[in-house]
Structures are given as C-alpha cells and as structure tokens.
Amino acid sequence: MNSLCPQTLAGVLTLTLFLSCSCADRACSTRHNLDFEYTDLRGDIAQWALPDTAYEGYAATRDTRRRHHGRSSLRLEQVDTAKHKWASFHQSLPDTVAAGREVELSGWVRTAGVTTGFADLYITVNNEEGRASYPSDAPNRGARGTTEWHRITLRRQIPDSASNIRIGGLLKGPGSAWFDDFEVRIDGQPLQDPMLPAPKTRLTRQEKRALREYVYPLKGCDPTDADSVELRVLGRMVGERPVVALGENSHGASEIFRMKERLIRYLASQQGFDQVAFEAGMAESSTLNGYIRRGSGTAKAGIFGLGMWIWDTHEVLSLVEWMRQRNIDGHPIRFRGVDMQSTDGAEALLRMALGKDATAVQWLDEIGPKLDKVLTYNNDNRARIDPQLAREIGQGLDAIETRIDPSVSDAHDRALLRQWITLIRQYLGLGEGPFWRDRCMAENLLWFREQYPNSRIVLWAHNGHISKADNRMGHWLQDRIGADYVNFGFTFYRGDCSIIVPDSEKLQHDVQTAPPGTLEYLLHQLDEPIFILDLRRMREERAPALAWINRMAFRHIGALKWEEEFWDKGFADQFDYMVYIDRVTPSHLLF
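These numbers were taken from a predicted model, which means no experiment stands behind them. (Residues numbered from 1 in each chain as written. Predicted model: local features only at pLDDT ≥ 70, side-chain atom pairs only at ≥ 80, totals over all residues. Heavy atoms only, no water.)

(A) Representation of the overall build of the protein. For the protein, the count of helices and strands is 21 helices and 23 strands. Its C-alpha atoms give the protein a radius of gyration of 27 Å, near enough to 25 Å, the size a compact globule of 591 residues would have. Summarising its shape, the C-alpha atoms of the protein cover approximately 95 × 60 × 45 Å along the three principal directions. Counting all 591 residues of the protein, 54% fall into the buried class. The contacts in the protein between residues at least 6 apart in sequence include a share of 77% that link residues at least 24 apart. Accessible area for the protein stands at about 26,100 Å²; split by element, carbon and sulfur atoms hold 49% of it. Of the charged side chains in the protein, 72 are positive and 80 negative; the average position of the first set lies 3 Å away from that of the second. (Helix = DSSP H or I, 4+ residues; strand = E, 2+ residues; numbered from the N terminus. Rg over C-alpha atoms; globule rule 2.2 N^0.38 Å. Buried < 20%, exposed > 50% of the residue type's maximum accessible area, 1.4 Å probe, protein only. Contact = heavy atoms within 4.5 Å. Areas by Shrake-Rupley, 256 points an atom, 1.4 Å probe, with all protein chains shown as cover. Lys, Arg positive; Asp, Glu negative; His and termini not counted. Charge placed at Lys NZ, Arg CZ, Asp CG, Glu CD.)

Structure below.
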C-alpha cells in the first residue's frame, strides 16, 4: 500500500478545503442548510425564509465571526423599533417526511442585549393560530438577556393530517440572537440533509434549442393587435375549456396588463369568452358591470368603485372601454368580481333590493355597525374576527334570508341576493387562515358558472391565486372542474412597477433584475423579448427541461415591494403556460 508523504497530504487537505469553500461561493447547499453554512448566489443564507427588514424591522444575516460550529451562524437583530415587535426565519418540512411523526428540533442559540423579549426555536403546523402565536411569552421560554451558546430542544407530535409543517427560530424585542448547528430528528432518526447541486446559471446551446421547441414568440403587448396570426396558438392551448386564468407576478406592470387585454380580446372575439372575472370585490363589481353592459355611470367611477388602487389604471380603463364597445356592437360580455374582502357593496345591494321590506331593513340596520367592528388586524397584519359579533351577524343574516322569497319575485334576482349574503358570511371567515380567501374566490367563480352554464370565463388575478399549488384558488378550481380549468402564469426579467415601498410616497419603483439562480435569469438567455412557454405540452412529452425549471426560484411579488422577490419554486407544476416578458414598465395610474 502506498502512503502519502506529508507534503502531498497537506496538498490534498488544502485542495479539499478549497473545494468545500468554493462550493459555498458557487451557492451550493444542502437541502436544509441546518448549520447555516451555505448562501445562495445573492449572498443570502440558503434554504431559509428570512424576515423582510423594510417591513418587519429585523435583519437576518450570515455571521462568520460568532459561530458555534462550522464557518458561520445566522444572526437575527432588531434594527427598527417602530416596526414589528418580533420576527422569525423558517423553512418547511415535507408532509411526507413529518406528518404523523414526532419532530425534534434542536439548535444552539446565543443572545446579546435581549432585554425585554426572548429568542427561541419553534415548530408549527397548518398555520395554526397564525404567526402571531409564535412569539407568545411564557416563563423561562427561550434565551434572554446576554448569554453564551446553549442548546435548545423542542419536540412535537405532528398530526397525520398536518400540512405546512414549519421549523425555525425567532427573536422578540430588541437585541441580537445567533442561531447555529440545528438538528432535526424524525421519530428519533436524523433528518437526511444531502448536498444539492449548485443552481443552474447557464443554458447550453443544446438546452436552448430543446426549449425553443415549446416557445411561441410574440411580437408585442399591443391589445389592438388581438387578431394577429401569432395568437392562433391559443386555440389549441385553450381548446373548449370554459375557464382560463391569466395571472400576474406584479400588480403594477403595464406590459403584463396590456398583454392580458390582448389575450382577452382574442379569446372573446375568436373563442367565444363572454365574462371577465377580476380579483376584485364581487358585489363592488356590479357598478362597473352596469357601465360595461348598459352604459350606466362612467368607466372611471366603476373602476374606482372596485376599491383597489392596483386596478385604477389606464390599462384597466382600456379593457373596460373595449368591453363596453363590444356590448354596443352586439356582442355581450360581462365584468365580474370574485373577491370577498369587504361587506360594503353586498350590504348596499341588499338594502337596494329589500328597501321596501321594513323587517329586512331593520335587520340590516342592526348588523351594519357590527360589521364595522367584527374584523380587526393584529400587529402581524393578520385578520381577527370577533366570535360573538360574528354569531350575532350570522343570526341577522339568517333572518334577512327569510325575507328574500316574499320580497323578490324573480328567481335569478333571488339567487343573486343570496349570493350577497354568502359574501358577508365568507367575510366572517377571514380569520380562518391565509388561504380562506382563495377558497372563497374559487367558490364565487364557480357560482357564476352555475348561473351561466354556457358562458366561458377569463379570470384575471395574481399568479399566487390562479396557481394550482395546494390551497390556492386555482387548486380549488381544478379540484372541482378538472381539465376545464387552464392557467397562464406571467413573469418578467427586469423593469419597474407601480408598487408600494415602505416610507415612500411615490408608487412607481424599480424592482430586482432577475439574478443568477432564478428561472427568469435563464429564460432571458433565450433572447426572445416576449413569448409563451407551453408547459402543458412539456409535461405531456416529459421534456427534460422540466426538471431544472421546477428547481428554479421565480419572481413572486404583488402590490408591495419585498427584499426577497424570488422565493417560490415549481413553476411548471403550478401553471399550464408561461407568458414571459423581458422588460416591464409601471402601470399608468388614473390618480
């Protein structure tokens, strides 16, 4: 047997250390990064969801000076006392690994200047009681004051039906806390934490060529170009399906809005779609539908009446005026809303219809003030419903519902009034959790389908809502109508959007150019400014590119600007088609 001389052995050890460190530099990571050793290509700690400093007032950083093990730890520090009183970092464990089993989370924690709060670990399931329950204080909980490294261990039996199983750490109040060397055991066995390959940052010529087999270039976003030959591919993509959803990964990108109008015009004129349903209040949308169908009121008044600034744009106005003209030309098309975050519109429509029924009006007068008080938000911006007020409102709604049949003769009008009552009941469920709204929006769209069974509907909403991921609106729609539901997710590489930024009065801001390690960064390499990617056909043909597409993080923002815009994964599993736009500009606001 040959032996290595000391010089050779030293060289091997040096090379091993270099390869280990360079892997971190190239954003390699283990699946869970439990020791906080690895960063992504942007320098953030990999695999963990970190707090947004601008909104929460806490910063999470990688610290290479204070560590219990390895090269680094995670440091959580309050940097703005005017914002939230606590913050956390977390990651999810797969249901298949943890559901029905005992989960043990242990880790080393150190603190400095934690004078009024504490630092601790946590395990939660099913979004139970909301994030606001995580920092609840208890005697001797966690680490307090200024401490050296010490180990904290939690154990929890996870129910068989559990989902969204999260582990992580938190800090409440001022000061700093360091977290390191986590370990997870499932029924006593260490959780496997294999090394993952570095994120893909380059498409080879062969990969580009293979991907272009599923790419349909589009020459622009001009909605007046709706009869273009290049859009005929929509006929095959949509087929006879009655519900088509068009998403958006930002609520303020002009090109996305204009492209959606272009697709809607084609689907209406060539495919017979006659209803457009928005992520907007269902009752509040009635006024805008009145303008589109009959010319009552004005377009701007109807748009402003939706009560959501993201739709108060010239782009939405363009769509509305086109829909109005289509009705004038004898091609009926309706505007709908599917949301339920307000009761004002439903209450007003009930009063209008039942105004001659003194008993119904009396009940409406009683529940009105209670509706103003029943919903509150805590410091974590989580909805809370007062249970006693909710019961009293529910009893009033029961009484009002008994007045519909004797007061309203038309069957369709009676069904509509019952739906307004349903909206109020849905509103009373907003405290049920973050996905309650998605489920209700799906139910409301399906109600329209029942009322108009021969109609075809285009749904306009955020990517996160139309997605087929668990508990999203798209998931519930697919669960109920299966292949009759098809969705288009939208994304972009760079640009500016109309978006809210903390401590800024203006609404138009730049957003992140897609960095290496993201899906949009790779798609930019195709050098196609606008295209549709046929993910459905890729799934049918088992295209190899699906594997890397689903591994890549993609942009997910809405009306608020976040530090971390690229956190979601699995685009090809969530959507049937992707509309990619290389560069976007802010939507043009009406105010």
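That covers the picture; the talk isn't over yet.
(B) Structural view of the packing of helix 10 (residues 344-354) against helix 11 (residues 358-374). Viewed as axis vectors pointing N to C, helix 10 and helix 11 meet at an angle of 170 degrees, and their least axial separation amounts to 10 Å. When the interaxial angle is binned, helix 10 and helix 11 end up roughly antiparallel. As helix 10 runs across helix 11, the sense of the crossing is left-handed. In this structure, helix 10 contributes Glu347, Leu350, Arg351 and Leu354 to the contact, and helix 11 contributes Ala360, Val361, Leu364, Asp365, Gly368 and Leu371. (Axes fitted to C-alpha atoms, helices over the stretch in contact; angles between N-to-C directions. Parallel < 35°, antiparallel > 145°, perpendicular 65-115°, else oblique. Left-handed = near helix turned anticlockwise from the far one by under 90°.)

(C) Just the packing of aromatic side chains, in detail. On inspection of all chains with the given rule, the structure shows 20 aromatic pairs. Pairing tryptophan 48 with phenylalanine 182 gives two aromatic rings, centres 5.8 Å apart and planes at 90 degrees, and the pair type is edge-to-face. Taken as a pair, tryptophan 48 in the loop between strand 1 (29-30) and helix 2 (53-56) and phenylalanine 182 in strand 8 (residues 176-186) lie far apart in primary sequence, 134 residues in all. Summarising the aromatic geometry, the rings of tryptophan 447 and phenylalanine 448 are spaced 5.4 Å apart at their centres and angled 70 degrees between planes, so their arrangement reads as edge-to-face. When sorted by exposure, tryptophan 447 lands in the same class as phenylalanine 448, which is buried. Aromatic rings pair up to connect Phe36, Trp48, Phe89, Phe179 and Phe182 into one cluster. (Phe/Tyr/Trp six-rings, centres within 6.5 Å; stacked < 30°, edge-to-face > 60°.)

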